[in-house]
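If you want the building blocks of each chain, they are given just below.
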Amino acid sequence: MAVMPESHRTDLPDLSTVWLRAFLEVARHGSFTVAARTSGWTQSAVSRQISALEGALGGGPLFDRLPRGVRLTEAGRALAPYAESVVEALGGARRELAALREGTGGRLRFGAFPTADAALVPQALAVFRTRRPGVGVTREEGLTPGLLERLDAGHLDLAVVSTTGRAPLESYVLHHLLDESLYVAVPAAHPLAGRPGPVRLGQLADDDWVSGSARPEGTLLDAALREGFRPRVAHVVAEWTAKQGYVAAGLGVALVPALAAASVRPDVALRPVLDEGAPARAVYAATQRGHASTPAVEAFIAALREAAARVPKL
């Protein structure tokens, strides 16, 4: 590969920002002595920095030395706006990096599954906003598999996910938030509505069900499959508030995770589900393995854990 002769090269050498700052100080004050005093340098140090800059640029003197002070030469006047831009840009970069390092700036992109938005996420976000008001926050809602795909693609920094849906969580860093018990929502007139103590889902094998999916596999209704029956899903309803409406109208029963239990309407009765030997639904804050967490992410995880500790247990 041919090398351009030195006399025809147009690229500038790497310049020290210290040289540029010294140049701007001298230009601002019109004096090596004053520039040294205001910058905390010695006058000889300022002179050396200006000489080094002039030598690196190879364009001749940057200042005319006058009987009283100095004045920019034509070369100095040409350099000044570029020097200001470089120093200002680097100063901005330092400030932004410091804000990221301290968790007082930057951004947080997170996603959460729908029932986490009932209490857990809003409470955590309120705490986070108070502690990190300078961090820009964007939020997405979705089911666990989709949120993990967004996390993998780099569109999210953190995802609030659950073990519902059989998503492969092993490849992520999981920050445990809580284990959810299950409740079954029944109409107020249902025979089980006023019965004390937990119920087995088998007692509801003949009921119609309201669910977000026609198929129970990979949903909360996996619990019914463990009880030995396949629930009859009469109404497929995705949104939790709408599910409550269907239950209240006597059109079926529905499973409710603990995160959503506190927001149940008064004409719906909740009964705890007895599901012996089955693991509770675990809720995690998931981050990508091998990716360093920012202070903002760590602060949000801490806020999520605080909010999880306050989730009411009925």
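What comes next concerns the included structure. All residue numbers refer to positions counted from 1 along the written sequence of the respective chain. Thresholds applied to this predicted model are a pLDDT of at least 70 for local features of residues and 80 or more for the giving and counting of side-chain atom pairs; totals over whole chains, interfaces and linings are not thresholded and use all residues. Side-chain measures were taken over the full set of non-hydrogen atoms in the model, leaving aside hydrogen atoms and water.

1. Points about the packing of aromatic side chains
Right, on to step 1. Pairing of aromatic rings covers Phe, Tyr and the six-membered ring of Trp, with a centre-to-centre limit of 6.5 Å; geometry is then stacked below 30 degrees between planes, edge-to-face above 60, and tilted otherwise. By the definition in use, this model includes 4 aromatic pairs.
Right, on to step 2. For the ring pair Phe32 and Phe63, a centre distance of 6.0 Å and an interplane angle of 70° mean the geometry is edge-to-face. A residue pair is termed long-range when its members are at least 10 positions apart, and Phe32 in helix α2 (residues 32–39) and Phe63 in strand β1 (residues 63–65) qualify at 31 residues. For the pair formed by Phe32 and Phe63, the shared burial category is buried. Think of it this way: any DSSP run of H or I at least four residues long counts as a helix, any run of E at least two long counts as a strand, and we number them from the N terminus. Three exposure classes are used, based on accessible area relative to the maximum for each residue type with a 1.4 Å probe and protein chains only: buried under 20%, partly exposed in between, and exposed over 50%.

2. Structural notes on the nonpolar core
Right, on to step 1. In these notes, a set of buried Ala, Val, Leu, Ile, Met, Phe, Trp, Tyr and Cys residues joined through side-chain atoms within 4.5 Å is what counts as a nonpolar core. Membership of the largest hydrophobic core comes to 29 residues, with the highest contact counts inside it found for Leu120, Phe128, Leu158, Val160, Leu177 and Leu304.
Right, on to step 2. Residue assignment for this core shows that the elements contributing at least two residues are β3 (107–112), α5 (120–131), β5 (158–162), β6 (172–180), β12 (281–288) and α10 (295–309).
Right, on to step 3. Per-element accounting of this core gives the leading share, 9 residues, to α10.
Right, on to step 4. Residue contacts are defined here by distance: any two heavy atoms, one from each residue, within 4.5 Å place the two residues in contact. Filtering out sequence-adjacent residues up to four positions away, Val160 remains in contact with Gly111, Ala112, Phe113, Ala116, Leu120, Val121, Leu147, Leu177, Val283, Tyr284 and Leu304.

3. Section: the environment of Leu192
Right, on to step 1. Along the chain, Leu192 turns up in the loop between β7 (182–187) and β8 (208–211).
Right, on to step 2. Along the sequence, Leu192 and Arg271 sit 79 residues apart, while their C-alpha atoms lie 7.8 Å from each other.
Right, on to step 3. Excluding residues within four positions of it along the chain, Leu192 makes contact with Val199, Gln203, Leu204 and Arg271.

4. A look at the side chain of Lys243
Right, on to step 1. Turning to its location among the elements, Lys243 is positioned in helix α8 (residues 240–248).
Right, on to step 2. Neither His nor the chain ends is counted toward charge; the positive residues are Lys and Arg and the negative residues Asp and Glu. Should a side-chain nitrogen of Lys or Arg be within 4 Å of a carboxyl oxygen of Asp or Glu, the pair is scored as a salt bridge. With no salt bridge to any partner, buried Lys243 finds its closest opposite charge in Glu239, at an N-O distance of 9.1 Å.
Right, on to step 3. The contact partners of Lys243, leaving out residues within four places of it in the chain, are Val210, Ser211, Gly212, Val237 and Ala238.

5. Focus: the sheet that holds β3
Right, on to step 1. For two strands to be treated as a pair, DSSP must find at least two bridges joining them. As summarised here, the arrangement of the 5 strands in space is β4-β3-β5-β12-β6, forming an open sheet in which the pairing is mixed. At either margin of the open sheet sits one strand with a lone partner, and together these are β4 (136–141) and β6. Pairs of neighbouring strands in the sheet enclose a mean axial angle of 20°, with direction left out of account.
Right, on to step 2. To get an axis, fit a line to the C-alpha atoms, keeping to the stretch in contact for a helix; angles then go from 0 to 180 degrees between the N-to-C directions. The sheet contacts of helix α6 (residues 144–152) involve β3, β4, β5, β6 and β12, and relative to β5 the element is tilted by about 155°.
Right, on to step 3. With respect to the sheet, α10 is in contact with β3, β5, β6 and β12, its orientation differing from that of β6 by roughly 15°.

6. Considerations on the side chain of Ser211
Right, on to step 1. Relative to the elements of secondary structure, Ser211 occurs in strand β8.
Right, on to step 2. Excluding anything up to four places from it in sequence, Ser211 contacts Leu221, Val233, His235, Val236, Val237 and Lys243.

7. Here we look at the pattern of salt bridges
Right, on to step 1. For the structure shown, the criterion picks out 14 salt bridges.
Right, on to step 2. Of the charged contacts in the structure, one is a salt bridge between Glu306 and Arg131, with a shortest N-O distance of 2.9 Å. Taken together, the residues span a long stretch of sequence, with Glu306 in helix α10 and Arg131 in helix α5 at a distance of 175 residues.
Right, on to step 3. Here Glu306 falls in the partly exposed class, since its relative accessible area comes to 30%.
Right, on to step 4. When the shortest N-O distance is used, the salt bridge between Glu140 and Arg150 registers 2.6 Å. Of this pair, Glu140 sits in strand β4 while Arg150 is found in helix α6, placing the two residues 10 residues apart along the sequence.
Right, on to step 5. Salt bridges sharing common partners tie together Asp117, Arg139 and Glu141.

8. A closer look at helix α1 (residues 17–29)
Right, on to step 1. With 13 residues, α1 extends 18 Å between its outermost C-alpha atoms, agreeing within 8% with the 18 Å of an ideal straight helix rising 1.5 Å per residue.
Right, on to step 2. Along α1, the residues classified as buried are Thr17, Leu20, Ala22, Phe23, Leu24, Glu25 and Val26.
Right, on to step 3. At the exit of α1 stands Gly30, carrying a positive phi of roughly 65°. How far a helix is expected to stretch is found by multiplying one less than its residue total by 1.5 Å.

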